[in-house]
Amino acid sequence: MVELRARWDDLVPGSASLADDLVARYVERTRRAYRDHYLGIVLTALDSLIQLSTDPTSVRLAAWFHRAVHEPGGTPDEDAEASARLAEQLLPQYGVPPVRIAEVARLIRLTGDLAAPPPDSYAPPRRDANGDVLLDAVNAVLASDPSRYAVHTAEVRRDAGDRKAALEHRYDEVRELLGGHLYRTQLARQRLSPVARVNLEAELAELDSELPAPWRGWQQAALTATATFTAIAAAVVAIAASGASWQTPAAQDEAGWPTVALAVLSFFSAPVLFRCARSASQRARLIAGAVLAVAVTGLLIAWAQAPRTNPAVGVGLRVPLLISALILLLGAGAAALVASLLRTRTARFLPARNLGQQLAWIAVPGTVALVLLLIVQPLSRGYVLRSNERIEGAAREAGKASPSVLDGGVAWVSDSVAGTGAEEAIGTRYGVAIPRPNGVVEMLDAATGALRWRYSRSDSDEKPVIAATGNGEYVLAQFADVGYLLLDANTGHRKAAWPGRTRDRFVLQAQPLLVGERSGKLHGVDPSGHERWTYDSGDCTDMGAIATAETVITFVSYTCDDRPDEMTALDVQSGKKLWTKTSADTYRRPVVVAGLIVVAEPGGDSDVPAALTAIEPRTGDIRWRWEVPKTWACRTLLNAAGKYLIVIDCPGPSTTVSRRTIVTAIDANTGLTAWQTLAPVNPRNKVTVTADGRVVSLARGTTACVANVISRAGFRQVPLPTGITCSRDPRAVGNLVLTSGRNIVVALR
């Protein structure tokens, strides 16, 4: 205390009482930090720096006053403000000029922001010699003897109150100090900075050991893991790209080495980027930047070389996969570069390993895998689907077809539909859809036959298989090597693409939509491809299915053992099992009529069933049973027409060649015969059934084709115009009958 008092040395003439008051403040018993030894360190440092100031007296006074007021737990800013006010109150009593008092107060207030990194000495915004000298003297405590510094830091933390909060605050404060210049003047930097940094780093290490650090450093670990695993993911995607084609159809001279080179580069980049992310060296940043540059250059080249699509040439899957691999490599290089830049300031202060870092190393590879499965793969497939499709045709309102009265006239003739015919047409709410070779689906206006829209793909050279679904709102088209695409029946725009895993499944029924697998699985599917449920009949089974609007009936036969065949009902929305029944033999040719499932009871080895049975789908009860005449000899055909079941066969005996066809209409509600017509029509002719129950087939007449019409009114034969091909099957779309000509579709009037 005496030594400290001697330092005042008549700083202000006649101010001995002021000096005693200030010393008393620093040594009072209630003060736990910033005591007399702290002030001694500041004043000693000030003596070596004071020659740099322009007003030494003001600087010395500010040094004496800057912690004269201190409350336990008080912040530097609070202490500085209170001390400045104390100086403004006391100094006028000792004759200190107002200008000096103002300078002293200003300097004291500067000490409230010691932790902020000072501006760079080579480009200072302004010079403040007095402030620089004072702040460097105050911060000289950082360069004190290590034992003295340890005592000082312990007093500061004890003074703060809440130990955990004090440790966390001090940890951030020390990190901030180490991140910038500790001293403003060049002289202080030369004399004090080396020792101060040693003290601060030692304090930081001690704080790090005391503070719980379960998460510290997870960002650095996450960046390192991202750089490593994203590079590996880029190698995996590049390998996948090597097995795909650059364009469709693939060119014979297509080079495969770029994808192989990218895979090799990405694979060997993984350990290199791992090391770069963990290093703060200039070389590490240069290597990470080089990987970035390679990825960007590759992206530009790939984008420029992407094939331009036309009806004959499409984009292959290699294009989006290669671009995805380059983007992943770019992300890996960027993560390594950012990690290297961050490590320059934080590496020395990170714990070796903790929970946060371990979780980061676990979470990142999982996240990368999810990115590959949920982002890269769908985006690549979406790019190929979008790039290879074209829609032609102007938007127009769909016409309504007039029912065919079959008077020998023609309602309309389509434009050329080479490679297809009426037998492959399907009816929708917006017209007649027809598949064509080379991956084309056309929608014809049902009233005029004019083309409404044409959907075509460059990556498919085969005729798609189509079906109407969603109550006629959509066309479900299966394209070879592409999969199932859902097209809007009104506009032709693609609404959905079924996931790749469903590509090899087959459609059992389009409305409601059921798909099957050869492994014995049945799926209830929305038109968009979303699976509502899956039913597995087990191994060694052969399964068929049919559905009403509410219920699915499955027919399962066992091929590996002698178990009886089963018939099981499922809810069409949830797939919940409703009931199961066994039978001696599998029912055949199921058909939905008026909400009932009508099946053919096996008749031994004959194609003629023993009886037709109507089953209530929700309960499994038999509504009615219709005995099939034993004299019938042909393969019995079952078709639904409104509330009637139309049964087509030929009268026997089976030992003779029948040249007649018998058509029977059964009321589905009662199981009674509504009408029956016998017609002199060859039963081997392919027939189609209209919605009102007319059975139509084509035959060759003396000069042209004739239409055989069997209905409730009897039988009639209608001559057709020339140009209709008799050998091709007719097709009924509702009550509109379609036939085929040479590369045309003809609608009969």
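Note that the structure is predicted; figures quoted are calculated from it, not measured.

Colleague: Mind showing me how you'd approach the sheet that holds strand β12 (residues 494–497) here?
Modeller: Strands belonging to one sheet form pairs held by backbone hydrogen bonds; the direction of such a pair is parallel or antiparallel. Pairing in this open sheet of four strands is antiparallel, and the strands run β9-β10-β11-β12 from one edge to the other. Strands at the two margins of the open sheet, each flanked by one partner only, are β9 (465–469) and β12. Strand-to-strand twist across the sheet, computed as the mean angle between neighbouring axes with direction ignored, equals 25 degrees. Inspection of the sheet shows strand β11 (residues 483–488) paired to β12 by three bridges, in the antiparallel sense. Bridging from a neighbouring strand, leucine 486 pairs with alanine 496 of β12.

Colleague: Even after reading the chapter, I still don't get the nonpolar core, so can you show me in this structure?
Modeller: One broad rule of soluble globular proteins: the nonpolar side chains tend to lie buried together. Judged by nonpolar contacts, the single largest core of 62 residues is most densely connected at Trp8, Trp64, Phe65, Leu91, Leu142, Tyr183 and Leu200. The set of elements that each furnish at least two residues to this core consists of α2 (16–27), α3 (36–49), α4 (56–65), α5 (76–90), α6 (98–110), α7 (129–138), α9 (163–178) and α10 (186–210). Of all the elements, α3 adds the most residues to this core, at eight residues. Leaving out residues up to four positions away in the same chain, leucine 200 has contacts with Leu142, Tyr149, Arg170, Val174, Leu177, Leu178 and Leu182.

Colleague: Would you explain the sheet that holds strand β16 (residues 531–536) in this entry?
Modeller: The antiparallel open sheet is built from four strands, whose spatial order is β13-β14-β15-β16. Of all strands in the sheet, those with a lone pairing partner are β13 (506–510) and β16, marking the two edges. Neighbour-to-neighbour, the strand axes of this sheet turn through a mean angle of 25 degrees, independent of strand direction. Both strand β14 (residues 513–516) and strand β15 (residues 521–525) contribute to a ladder of three bridges, which runs antiparallel. Across the sheet, the residue bridging to valine 515 is histidine 523, located in β15.

Colleague: Would you take a moment to explain the pattern of salt bridges for this structure?
Modeller: A side chain of one charge can pair with a side chain of the opposite charge when the charged atoms of the two come close. For the structure on display, the rule yields 35 salt bridges. Between lysine 495 and aspartate 488 there is a salt bridge whose closest N-O contact spans 3.9 Å. Given a relative accessible area of 51%, lysine 495 falls into the exposed group. Here aspartate 488 falls in the buried class, since its relative accessible area comes to 14%. We note a salt bridge from arginine 625 to glutamate 627, for which the minimum N-O separation is 2.3 Å. Residue glutamate 627 is classed as partly exposed on the basis of its relative accessible area, which comes to 48%. Salt bridges sharing partners connect three or more residues here, namely Glu81, Arg85, Glu88 and Arg109.

Cut-offs and rules
- Residues numbered from 1 in each chain as written.
- Predicted model: local features only at pLDDT ≥ 70, side-chain atom pairs only at ≥ 80, totals over all residues.
- Heavy atoms only, no water.
- Pairing = 2+ DSSP bridges.
- Helix = DSSP H or I, 4+ residues; strand = E, 2+ residues; numbered from the N terminus.
- Axes fitted to C-alpha atoms, helices over the stretch in contact; angles between N-to-C directions.
- Core = buried A, V, L, I, M, F, W, Y, C linked by side-chain atoms within 4.5 Å.
- Buried < 20%, exposed > 50% of the residue type's maximum accessible area, 1.4 Å probe, protein only.
- Contact = heavy atoms within 4.5 Å.
- Salt bridge = Lys/Arg side-chain N within 4 Å of Asp/Glu carboxyl O.

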